[in-house]
Amino acid sequence: MKAQALADHLDENQIDDEYQPLRTYFLDEEVNSVEAIFEDIHAWKMFFDGAVNAKGVGIGAILISPTSQHYQATAWLRFFCTNNTAEYEACIMGINMAIDQNVEELLIMGDSDLIIRQAQGEWETRDVKLIPYKKHVEDLSKRFMSIEFKYIPRCHNELADALATLASMLPYPGNAHIDPLEIQIRERHGYCNTIEAAPNTQPWYHVIKKFLKTQEYPEKASGDQKRTIRWHTSGFFLSGDVL
């Protein structure tokens, strides 16, 4: 709330003999504001963030499908970046992820007010480092049927921030390949997730692939084994016939 608006309100509502003080019971007195984010449940969502520190520069992006499937990506940047250019790099990486998934409607959320407002067309820039980034984001945005940019507080962007920070701090030995980060959710002890498989010539992922295709379990699978199969398949998806 602007201070002038508060002053105008007090001036228009002066205290008189009938004034009664407003008494409320509010536990979270340290909270200054609460923002509700209303989202289209049919649109994909993308969160992005960049991290620049003494260790290096890292970027992170998370693409979330309407069914809450998460696809995350991180990158370590081996060229000079400011905070703003790192944010743009993260945003572009996330947009390209959405394009690769043939997404048509996309809601992009980040905690950089500058990048979001420039992407929305509300702010212009004369910074020679940011002009090509802004133009590239505008060009990529034309690939979607519907695209929206929304600023969110940093506390709502913690996962993208964690990915970017992790990427900036990991030591990369030359050109060695490091697999993408996989975050698992386990609700059972490790010794409960054992599946006894009979010897056969099928690859290890045969059961997972079959379940994704047909939603069918092995013929004699127990309840625990079925839950384990569902848990394992949550980390995969089918692109045509490719797992």
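Residues numbered from 1 in each chain as written. Predicted model: local features only at pLDDT ≥ 70, side-chain atom pairs only at ≥ 80, totals over all residues. Heavy atoms only, no water.

Asks: Tell me what's going on with the nonpolar core, and back it up with residues and numbers.
Replies: One broad trend across soluble globular proteins is that nonpolar side chains are buried collectively. One finds Met 46, Phe 48, Leu 63, Ile 95, Leu 106 and Ile 108 to be the most contacted residues of the largest nonpolar core, which totals 33 residues. Elements that contribute at least two residues to this core include exactly β1 (44-52), β2 (57-64), β3 (70-77), α2 (83-100), β4 (105-110), α3 (113-120) and α4 (131-141). The dominant element in this core, judged by the number of residues it contributes, is α2, at 10 residues. Every residue in contact with Leu 106, bar those within four places of it in the chain, is listed here: Trp 44, Lys 45, Met 46, Leu 63, Ala 98, Phe 144, Ser 146, Ile 147 and Glu 148. (Core = buried A, V, L, I, M, F, W, Y, C linked by side-chain atoms within 4.5 Å. Buried < 20%, exposed > 50% of the residue type's maximum accessible area, 1.4 Å probe, protein only. Helix = DSSP H or I, 4+ residues; strand = E, 2+ residues; numbered from the N terminus. Contact = heavy atoms within 4.5 Å.)

Asks: Got a sec to walk through α3? Specific residues and values, please.
Replies: Listing the buried residues of α3 in full gives Ile 115, Ile 116, Gln 118 and Ala 119. The buried residues of α3 occupy an angular sector of 165° when the element is viewed end-on, so they sit on one face. Where α3 is buried, its residues meet β1, α2, β4, α4 and β5 (146-151). Once α3 finishes, Gly 121 follows within two positions and takes phi at roughly 85°, a positive value. (Arc of directions from axis to C-beta.)

Asks: Describe the pairing of β4, with residues and values.
Replies: Within β4, 5 of the 6 residues are buried, which leaves the element mostly enclosed by the surrounding structure. Direction of pairing for β1 relative to β4: parallel, over a ladder of 5 bridges. Paired with Phe 48 across the strands is Gly 110, a residue of β4. Strand direction decides the pairing type here: β4 and β5, joined by 6 bridges, are parallel. Its bridge partner lying in β5, Met 109 is registered against Lys 150. (Pairing = 2+ DSSP bridges.)

Asks: Mind laying out the pattern of salt bridges, listing which residues take part and the relevant values?
Replies: Note on pairing: side chains with opposite charge can pair once their charged atoms come close. Within the structure shown, the criterion is met by 10 salt bridges. A salt bridge links Glu 124 to Lys 134; the shortest N-O distance between them is 3.8 Å. One end of the pair, Glu 124, is in the loop between α3 and α4; the other, Lys 134, is in helix α4, and 10 residues separate them in sequence. Residue classification places Glu 124 among the exposed residues on the basis of a relative accessible area of 66%. Residue class for Lys 134 comes out buried when judged on its relative accessible area of 8%. Notably, a salt bridge pairs Asp 139 with Lys 135, separated by 3.0 Å at the nearest N-O pair. In this pair, Asp 139 and Lys 135 are both assigned in helix α4, 4 residues apart and thus about one turn of the helix distant. A relative accessible area of 31% means that Asp 139 is categorised as partly exposed. (Salt bridge = Lys/Arg side-chain N within 4 Å of Asp/Glu carboxyl O.)

Asks: Break down helix α5 (residues 158-169) for me, with residues and values.
Replies: The terminal C-alpha atoms of α5 lie 16 Å apart, and with 12 residues this matches the ideal 16 Å at 1.5 Å per residue to within 8%. Inspection of α5 places Ala 160, Leu 163, Ala 164, Ala 167 and Ser 168 among the buried residues, and these make up the whole buried set. Buried residues of α5 fall within an arc of 130° about the axis and therefore sit on the same side. Next to the buried residues of α5 lie β1, β2 and β3. (Expected span 1.5 Å × (residues − 1).)

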